[in-house]
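An overview of the molecular structure
Here's the letter readout for the chains.
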Amino acid sequence: MQTLEQELSAWMRQAFAAVFPQADVAALPLNVVATTEAAHGDYQCNAAMAAAKLLKLKPRDVAQAIVDQAALPEGVARLEIAGPGFLNFHLAADWLARRLEAVQGDERLGVPAVGQGKTVILDYSSPNVAKPMHIGHIRSTVIGNALDRMHRFLGWRVLADNHLGDWGTQFGLLILGFRTFADAAAYEASPIEELERVYVASYNRSKEDESWKNAARAELVKLQQGDAANRQLWQSFVEHSLREFERVYARLGVKFDLVRGESYYNEKLPGVIAQLQAQGLAEESEGALIVKLEAEKLTPCLVRKSDGGYNYATTDIATVLGRAAEFLPDEVVYVTDERQQLHFKQFFTVCRKLGVTTKLQHVWFGLMRLPEGTFSTREGNVIKLERLLDEAESRALAIVQQTSPEMPPEQQREVARCVGLGAVKYADLSQNPQSLVTFTWDKALALEGNSAPYLQYACARIASVQDKYRERFPGSEPTTQPIKLDDPIERGLGLKLLRFPDVLQRAAENFRPSLLADYLFDLAQTYSTFYQNLPFLKAEAGVRESRVRLCDLTARTLRRGLNLLGIETPARI
Ligand code: ARG
């Protein structure tokens, strides 16, 4: 099934070609999009403005010619010209109703598999070994996972790759520190915390003690040269860290297809340097090797340090080359915080110079701010991700106990888990990722307003309407009656439901889960108006069934949308 925007845009292209055979239709932005205000019709196209320039005509005349000469597509009741030459599409209620019926019969809710045959590699989460995942990592994990789910649903072949920071200078300090300061029992009980403690102690000592610093460097060199004892220790750091990360991923419902850390590409680094040199891209500068990016107005990209060590960029270049060769992806997408923007610009540019044609995309987000007092327990400067999730669940439990005291405690805990985790994820996903977010529990856990609990609650409420219908009219099947959109409120809800496939595609294409979140909130509000203003069970037979069908479609759309954001919807709240 094509989406509404695809269908109307296709008609527009064909109508333009028929009415203006001399115009280069391909060059015109002929897309038809949903309007934001009902006064502008249901869908709108502003192509007449651009076309007028090309055709040396007045925009209104261009629009008029389309209206006069093109046969209206099926489903369009009226095509009107507004303002300077906007074309406003008014769709026929009957046609919309038939379409909603088709969508209701479709598992995929009318979403076409536009990604079929295409591969995207999503590089997200990617925490650093021997360090706890902190609150900054949650955004990468949550945003990355939403992009992952949306792309998969759109038919893409997705390879989610957790590019662990498991290589680099910190391991010299860690190995030396571990042998000196580690407490075996603490390491077993809470490995990352112990490794962090060891690292801090070793790092502090290196600041005061030159010989310690040198010894750490020697351990690093030994590790890099394959020394068995150091390799074994490093391996244990990686495994212990991964086990803790896995716990968080399991809680968040996140799964990776690949977990290839930076170390995976270690062997390939000399080859990258050789390739850069062979193509004349790298040059010596103060003992280091750099790729100049003056033409691109970027500072040089460092690919080898003066001590012979490789840089973060070198690994990332090797990773792109490796991924491109092995998986032939159409796109590689990286999700990290805003501080890495320059790094990505630099190595993307270097990759292009090396001849990489894969689309490389950096999706960055602002760092989340936490106002003082957000947490009841504060440990050092880093607020650990797991603490955040625990706190979310316990706060949600307090709310559930208050709002549903009759619910069995087991179920209260399960609902609190879904609501608490949902709240944390949605607080992240509902924002433009590039805006500065201030996280507050009140906003995240609000039962009213743009929050996960509000949407989860809306789903549960709709389910109870459906239950009531089944109780009152046992044996009746609503789908035996047609959908009717006679009331403007019903029509408005129907239109909104039909936007889901286009919104989803736009959110995925622009790497903006917030577009989907905004839509779901808007849909829930539209539903609420519908529910509050129109009778359901008391409506006459036929109308009643049509309304129950709209309920069902709303619930499914909300559930699917939340699922694509990684948010669960408990049957009861
Ligand atoms: N490990 C890095 C960090 O925690 C993020 C890695 C992102 N991915 C990449 N291919 N550079 O900051």
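What counts and how
- Residues numbered from 1 in each chain as written.
- Predicted model: local features only at pLDDT ≥ 70, side-chain atom pairs only at ≥ 80, totals over all residues.
- Heavy atoms only, no water.
- Pairing = 2+ DSSP bridges.
- Helix = DSSP H or I, 4+ residues; strand = E, 2+ residues; numbered from the N terminus.
- Salt bridge = Lys/Arg side-chain N within 4 Å of Asp/Glu carboxyl O.
- Buried < 20%, exposed > 50% of the residue type's maximum accessible area, 1.4 Å probe, protein only.
- Polar contact = N/O pair within 3.5 Å; in protein donor to acceptor, adjacent residues only side chain to side chain.
- Contact = heavy atoms within 4.5 Å.
- Core = buried A, V, L, I, M, F, W, Y, C linked by side-chain atoms within 4.5 Å.
- pLDDT = per-residue confidence, 0-100.
- Near = heavy atom within 4 Å.
- Nonpolar A, V, L, I, M, F, W, Y, C, P; charged D, E, K, R; others polar.
- Axes fitted to C-alpha atoms, helices over the stretch in contact; angles between N-to-C directions.
- Parallel < 35°, antiparallel > 145°, perpendicular 65-115°, else oblique.
- Expected span 1.5 Å × (residues − 1).
- Left-handed = near helix turned anticlockwise from the far one by under 90°.

**Some details on the sheet that holds strand β4 (residues 86-91)**
The strand order β1-β2-β4-β3 describes an open sheet built from four strands, whose pairing is antiparallel. Each of the sheet's edge strands pairs with one partner strand only, and the pair in question is β1 (33-34) and β3 (76-82). For β3 and β4, the ladder comprises six bridges, and the chain directions are antiparallel. Within β4, the residue paired with leucine 79 across the bridge is phenylalanine 89.

**A word on the pairing of strand β7 (residues 282-285)**
Side-chain direction in a regular strand flips from residue to residue, so the side chains alternate between the two faces of the sheet. Pairing of β7 with strand β8 (residues 288-291), which is carried by four bridges, proceeds in the antiparallel orientation. When the sheet's bridge partners are listed, serine 285 is paired in β8 with alanine 288.

**A short note on the pattern of salt bridges**
By the definition in use, this model includes 36 salt bridges. Its salt-bridge partner being arginine 139, residue aspartate 428 comes within 2.5 Å of it at the nearest N-O pair. With aspartate 428 in helix α15 (residues 409-429) and arginine 139 in helix α5 (residues 135-153), this residue pair connects regions lying 289 residues apart in the sequence. Comparing aspartate 428 with arginine 139, the two get one shared label, buried. Between arginine 260 and glutamate 326 there is a salt bridge, with its nearest N and O atoms 3.0 Å apart. With arginine 260 in the loop between α10 (228-252) and α11 (269-278) and glutamate 326 in helix α12 (residues 312-327), this pair connects stretches of sequence that are 66 residues apart. Since its relative accessible area comes to 14%, arginine 260 is described here as buried. A relative accessible area of 44% places glutamate 326 in the partly exposed class. Residues participating in the shared-partner salt-bridge network are Arg251, Arg387, Asp390 and Glu393.

**Let's talk about the side chain of asparagine 88**
By the element assignment, asparagine 88 lies in strand β4. Here the side chain of asparagine 88 touches glutamine 44 through a polar contact of 2.7 Å, side chain to side chain. When residues no more than four places from it in sequence are discounted, the contact partners of asparagine 88 are His40, Gly41, Tyr43, Gln44, Arg78, Leu79, Glu80 and Ala82.

**Quick notes on the nonpolar core**
Residues Met12, Phe16, Ile66, Phe89, Phe237 and Leu516 are the most contacted members of the largest nonpolar core, which totals 145 residues. Setting aside residues up to four positions removed in sequence, phenylalanine 89 forms contacts with Leu8, Trp11, Met12, Val32, Gly41, Asp42, Tyr43, Gln44, Cys45, Val76, Arg78 and Leu79. One finds Leu258, Tyr265, Leu276 and Phe327 within the second-largest nonpolar core, a separate group that totals 31 residues.

**Remarks on the confidence of the model for the protein**
Per-residue pLDDT for the protein averages 93, and the proportion of residues at 70 or more is 97%. In the predicted structure, residues 376-382 sits below a pLDDT of 50 and forms eight contacts with residues beyond four places in sequence or in another chain.

**Looking at the site of the ligand**
Residues in close proximity to the ligand include Asp123, Ser126, Asn128, His137, His163, Tyr312, Asp316, Tyr334, Thr336, Gln340 and Phe344, which together make up its full environment. Residue tyrosine 312 places a side-chain N or O atom 2.7 Å away from a nitrogen atom belonging to the ligand. Counting only elements with at least two residues in the shell around the ligand, the list comes to α12 and β10 (331-337). A class-by-class count of the residues in the shell around the ligand yields three nonpolar, six polar and two charged.

**Details of helix α19 (residues 500-509)**
Along α19, eight of the 10 residues are buried, which leaves the element largely enclosed by surrounding structure. Every buried residue of α19 is accounted for by Phe500, Pro501, Asp502, Val503, Leu504, Gln505, Ala507 and Ala508. Residues of α19 that are buried make contact with α1 (4-19), α5, α18 (488-498), α20 (513-533) and α21 (543-564). Phenylalanine 511 occupies a position one or two residues after α19 and carries a positive phi of about 55°.

**Let's talk about the packing of α1 against helix α3 (residues 59-69)**
Contact geometry for α1 and α3: axes closest at 10 Å, N-to-C directions at 95°. With respect to each other, α1 and α3 are oriented roughly perpendicular. Of the residues in α3, those in contact with Trp11, Met12, Ala15, Phe16 and Val19 of α1 are Val62, Ala65, Ile66 and Gln69. Residues of the contact of α1 with α3, tallied by class, amount to eight nonpolar, one polar and no charged.

**Re the sheet that holds strand β9 (residues 301-304)**
Spatial strand order, β7-β8-β9: three strands in an open sheet with antiparallel pairing. Two strands lie at the open edges of the sheet, namely β7 and β9, each paired on one side alone. In this sheet, adjacent strand axes meet at a mean angle of 45° when their direction is disregarded.

**With respect to helix α13 (residues 341-353)**
Since the α-helix packs 3.6 residues into each turn, any two residues three or four apart lie on the same face. The terminal C-alpha atoms of α13 lie 19 Å apart, and with 13 residues this matches the ideal 18 Å at 1.5 Å per residue to within 8%. The set of residues buried in α13 consists of His343, Phe344, Gln346, Phe347, Phe348, Thr349, Val350 and Cys351. Check the buried side of α13 and you find it contacts α11, β8, β9, α12, β10 and β11 (359-365). Backbone geometry just downstream of α13 places glycine 355 in the positive-phi region, at approximately 100°.

**Re the side chain of histidine 343**
Along the chain, histidine 343 falls in helix α13. Of note is the side chain of histidine 343, whose polar atom sits 2.7 Å from the side chain of aspartate 316. With near-sequence residues (within four places) excluded, histidine 343 lies in contact with Tyr312, Ala313 and Asp316.

**Description of unusual backbone geometry**
The phi dihedral of glutamate 286 is positive, around 50°, even though this residue is not glycine. Its place among the elements puts glutamate 286 in the loop between β7 and β8. Positive phi outside glycine occurs at lysine 297, with the angle close to 55°. Its place among the elements puts lysine 297 in the loop between β8 and β9.

**So, the packing of α18 against α20**
Two elements in contact, α18 and α20, have axes whose closest approach is 10 Å; the angle formed by their N-to-C orientations is 160°. Between α18 and α20, the angle is such that the two are roughly antiparallel. Between α18 and α20 the crossing geometry is left-handed. Contacts from Ile489, Glu490, Gly492, Leu493, Lys496 and Leu497 in α18 reach Tyr519, Asp522, Leu523, Thr526, Tyr527, Thr529, Phe530 and Asn533 in α20.

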